[in-house]
Amino acid sequence: MIRYVESEWLLPTPQNLKEKRAIIKRVLTRAGQKFNISIAEIGFQDKWQRSLVGFAVVSESHEQAEKVADTVLAFLDSFPEWERGKTTMESL
């Protein structure tokens, strides 16, 4: 079972793309290592106060994939540098 999640993030503090990329890299690296998921910035790469992040969770059951995806989102929400906007999820 695969659970795919896309979420928009607002970053109010960066003053340029370099600062934004440092925040994104740190958060995504931590999430990828902690949960063993594929995660990347997939949109708004030229905007310094916005980001679109996508990640995928592979599991043996739909319930487990959903649980891990929810846990990853909670982890991402815990970072004060950004706020989550629209989020979409899809099971494959």
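The protein chain has the name DUF503 domain-containing protein in an unreviewed UniProt entry, where Listeria weihenstephanensis is given as its organism.

**Some remarks on unusual backbone geometry**
Positive phi values are uncommon outside glycine, yet Asn36 reaches one of about 55°. As for its placement among the helices and strands, Asn36 is situated in the loop between helix H1 (17-35) and strand E2 (38-43). The phi dihedral of Phe44 falls on the positive side, at around 60°, and the residue is not glycine. Following the sequence through the fold, Phe44 ends up in the loop between E2 and strand E3 (50-58).

**Side note on the pairing of strand E1 (residues 2-10)**
The two faces of a sheet get side chains in turn, since along a regular strand they alternate between them. Side-chain alternation along E1 places Arg3, Val5, Ser7 and Trp9 on a buried face and Ile2, Tyr4, Glu6, Glu8 and Leu10 on a face that remains uncovered. As paired strands, E1 and E3 are joined by nine bridges and run antiparallel to one another. Along E3, the bridge assignment pairs Tyr4 with Ala56.

**Observations concerning the sheet that holds E1**
Judged by pairing direction, the sheet is antiparallel, and its four strands sit side by side in the order E2-E3-E1-E4 without closing on themselves. Strands with a single pairing partner mark the edges of an open sheet, and in this sheet they are E2 and strand E4 (83-91). Averaged over all adjacent pairs, the angle separating strand axes in this sheet is 20°, with direction ignored. Lying on the sheet, H1 is in contact with E2 and E3; it crosses E2 at an angle near 150°. Strands E1, E2, E3 and E4 of the sheet are contacted by helix H2 (residues 62-77), whose axis makes an angle of about 15° with E1.

Parameters and conventions
- Residues numbered from 1 in each chain as written.
- Predicted model: local features only at pLDDT ≥ 70, side-chain atom pairs only at ≥ 80, totals over all residues.
- Heavy atoms only, no water.
- Helix = DSSP H or I, 4+ residues; strand = E, 2+ residues; numbered from the N terminus.
- Buried < 20%, exposed > 50% of the residue type's maximum accessible area, 1.4 Å probe, protein only.
- Pairing = 2+ DSSP bridges.
- Axes fitted to C-alpha atoms, helices over the stretch in contact; angles between N-to-C directions.
- Contact = heavy atoms within 4.5 Å.

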